[in-house]
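# A structural walkthrough
Letter by letter, the chains look like this.
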Amino acid sequence: FAPVAERYLVAAEDIAGPYTWGRCDLLVLPFSFPYGGMENPCLTFVTPSILSGGDGSQTHVIAHEIAHSWTGNLVSCASWEHFWLNEGFTVFLERKILARIAADDAASSGGDAKVAHAREFGFQALGGAQELKETVGRMGPDHRFTCLVPDLSTGEDPDDAFSKIPYEKGFYTLVYLELCVGGDEEFNPFFKAWLATKANMSVHTEEFKTAYLDYFNSKVDLPRRAVLESIDWNSWLHKPGLPPLFDDTSASLSPHANYDATLRDGVMRLASYFHHSDIMGIGTPPASAFVPGPEGDPSTWPGPLVVAFLTELSVHRASTPLHMNTL
């Protein structure tokens with residue numbers, strides 16, 4: 001997977017700035033390693049499951065750990081209350097890396113790079129949004145640990161607050177802030193400048209908020225400035241539950257309204273088709289009769305799409321006994 005990691009690194013440098021750590025090695029640990037990956041400057045630890053299949057389809061976890069070379073290692077949260085500055089930013093950069101790779105692959109094969117970029121980013125983002133919704137559902141919408149910046153001042157163990165919240169709520173917040181200034185072409189220079197300015201520092205959320213407003217108030221036009229002034233920072237940062245606009249898919253600044261759902265819809269359609277099919281030929285058509293849409297032939301899907309399909313199928317099966325004939 002060295003060539004794949006090299007591509008991730010090149011894409012990350014283009015988005016986030018120069019890689020400052022010199023070496024970038026990956027160490028595959030035994031199966032007893034309890035995480036998907038663990039970022040360390042110069043040397044990333046990864047699970048051996050990324051080798052499954054031998055085709056590099058599971059190496060997307062490396063994009064996350066490489067992204068940490070900027071968001072987490074180069075610029076770090078000052079305390080666990082601000083953990084989203086590590087993980088939310090890393091998920092944001094990771095998904096931009098994966099979308100950039102998808103675009104490059106499409107361009108090299110004569111496809112539409114812009115469409116491929118939007119589809120990959122949307123697929124990853126919608127999967128993350130589902131994880132966020134499930135996490136809030138398990139913890140409860142009023143649980144204080146579902147705040148993006150939780151209050152840990154009374155001595156709680158930070159491990160007790162650990163969840164998908166800093167990852168996915170943090171990502172969702174950054175996408176919203178990107179939309180507020182007009183999109184990635186406007187936001188990416190700020191993102192790169194933030195990392196360069198705060199390199200080798202530990203930072204708080206208020207520092208990021210101040211940097212964001214200072215940067216864009218001097219650059220955007222008056223209509224965009226009005227949007228910046230309308231941001232409800234307290235709700236995004238300090239209120240529990242799902243982030244604002246999460247269920248409002250019609251609002252122009254809702255991240256959901258701006259995600260390309262092509263790949264996600266294809267995965268869900270195939271899972272539903274498999275769930276309702278009858279391989280004995282009685283009733284609904286067999287799974288083999290499935291006609292692929294824009295998402296492509298399922299037999300050629302990369303690992304993340306296959307995992308998403310199996311996860312969605314398990315959701316269908318959870319409330320329905322699994323018939324032996326469908327195994």
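Please read these numbers as outputs of a predicted model, since none were measured by experiment.

## Digging into the overall build of the chain
Scanning the chain from terminus to terminus reveals 13 helices and five strands. Taken over the C-alpha trace, the chain has a radius of gyration of 21 Å; the compact-globule value for 327 residues is 20 Å, and the two agree within 12%. For the chain, the spread of C-alpha atoms along the principal axes amounts to about 65 × 45 × 45 Å. Here the chain holds 327 residues, and the buried ones make up 47% of them. The long-range fraction of contacts in the chain, counting pairs at least 24 apart against all pairs at least 6 apart in sequence, stands at 67%. A total of about 15,800 Å² of accessible surface is found on the chain, and carbon and sulfur atoms cover 56% of it.

## Thoughts on the packing of aromatic side chains
In the structure shown here, the tally under the stated rule is 31 aromatic pairs. Ring centres of Phe 187 and Phe 190 lie 5.5 Å apart, and the angle between their planes is 65°; on these two criteria the pair is classed as edge-to-face. In this pair, Phe 187 and Phe 190 are both assigned in helix α7 (residues 184–197), three residues apart and thus about one turn of the helix distant. Exposure remark for Phe 190: the relative accessible area of 2% places this residue in the buried category. For the pair Phe 187 and Tyr 212, a centre-to-centre distance of 6.4 Å together with 50° between the ring planes defines the contact as tilted. Pair noted here: Phe 187 is in helix α7 and Tyr 212 is in helix α8 (residues 205–217), with a separation of 25 residues, a long-range link. Grouping residues by exposure puts Phe 187 and Tyr 212 together as buried. A cation sits over an aromatic face here: Arg 95 above Phe 171, 4.5 Å from the ring centre.

## Points about the layout of surface pockets
Roughly 790 Å³ of volume is contained in the second largest pocket. Elements with a minimum of two residues in the lining of the second largest pocket: α1 (2–16), α3 (84–108), α4 (113–139) and α13 (303–318). Looking at the lining of the second largest pocket residue by residue, the classes come out as 15 nonpolar, nine polar and eight charged.

## Focus: unusual backbone geometry
The backbone phi angle of Asn 200 is positive, close to 65°, even though this residue is not glycine. With respect to the element layout, Asn 200 can be found in the loop between α7 and β5 (201–203). Owing to a relative accessible area of 65%, Asn 200 belongs among the exposed residues under this scheme. In this structure, Leu 245 is a non-glycine residue whose phi angle is positive, near 70°. By the element assignment, Leu 245 lies in the loop between α10 (233–238) and α11 (255–258). When its relative accessible area of 27% is taken as the criterion, Leu 245 is described as partly exposed.

## Details of the sheet that holds strand β2 (residues 37–38)
Within a sheet, each strand pairs with its neighbour through backbone hydrogen bonds, oriented either parallel or antiparallel. Taken in spatial order, the three strands line up as β1-β3-β2 in an open sheet, and their pairing is mixed. Of all the strands in the sheet, just β1 (25–28) and β2 have a single pairing partner and so form its edges. As defined by bridge partners, β2 adjoins strand β3 (residues 43–46) across two bridges and the pair is classed as antiparallel. In the strand pairing of β3, Met 38 is matched with Phe 45.

## Comments concerning empty space enclosed by the protein
Taken as a whole and judged by the stated rule, the model has one cavity of 30 Å³ or more. The computed volume of the largest cavity comes to approximately 40 Å³. Only β3 and α2 (60–67) provide two or more residues apiece to the lining of the largest cavity. For the lining of the largest cavity, the class distribution of residues is six nonpolar, four polar and one charged.

## Digging into the nonpolar core
With 69 residues, the main nonpolar core has Trp 70, Ile 97, Phe 187 and Tyr 212 as its most contacted residues. Beyond its immediate sequence surroundings of up to four residues, Tyr 212 is in contact with Leu 177, Cys 180, Val 181, Phe 187, Phe 190, Leu 228, Ile 231 and Trp 233. Listed in part, the eleven residues of the second largest apolar core include Leu 270, Ala 308, Phe 309 and Leu 313.

## What to know about the state of the cysteines
Each disulfide consists of a covalent bond between the sulfur atoms of two cysteine residues. All chains considered together, the criterion is met by zero disulfides. No disulfide involves Cys 24; its sulfur sits 8.5 Å from the nearest other cysteine sulfur, which is in Cys 42. By relative accessible area, Cys 42 is classed as partly exposed at 29%.

## Side note on the pattern of salt bridges
Summed over all chains, the structure comprises eight salt bridges. Residue Asp 25 is joined to Arg 23 by a salt bridge in which the shortest nitrogen-to-oxygen separation is 2.8 Å. Asp 25 sits in the partly exposed class, given a relative accessible area of 28%. A salt bridge links Glu 156 to Arg 144; the shortest N-O distance between them is 2.7 Å. With Glu 156 in the loop between α4 and α5 (158–161) and Arg 144 in the loop between α4 and α5, this residue pair connects regions lying twelve residues apart in the sequence. With relative accessibility at 16%, the residue Glu 156 sits in the buried group.

Calculation criteria
- Residues numbered from 1 in each chain as written.
- Predicted model: local features only at pLDDT ≥ 70, side-chain atom pairs only at ≥ 80, totals over all residues.
- Heavy atoms only, no water.
- Helix = DSSP H or I, 4+ residues; strand = E, 2+ residues; numbered from the N terminus.
- Rg over C-alpha atoms; globule rule 2.2 N^0.38 Å.
- Buried < 20%, exposed > 50% of the residue type's maximum accessible area, 1.4 Å probe, protein only.
- Contact = heavy atoms within 4.5 Å.
- Areas by Shrake-Rupley, 256 points an atom, 1.4 Å probe, with all protein chains shown as cover.
- Phe/Tyr/Trp six-rings, centres within 6.5 Å; stacked < 30°, edge-to-face > 60°.
- Lys NZ or Arg CZ within 6 Å of the ring centre and 35° of its normal.
- 1 Å grid on protein atoms, 1.4 Å probe; cavity = no way out; pocket = protein on both sides within 12 Å on 5 of 7 lines; lining within 4 Å.
- Points joined across faces, edges and corners; volume = space filled by probe spheres on them.
- Nonpolar A, V, L, I, M, F, W, Y, C, P; charged D, E, K, R; others polar.
- Pairing = 2+ DSSP bridges.
- Core = buried A, V, L, I, M, F, W, Y, C linked by side-chain atoms within 4.5 Å.
- Disulfide = S-S within 2.5 Å.
- Salt bridge = Lys/Arg side-chain N within 4 Å of Asp/Glu carboxyl O.

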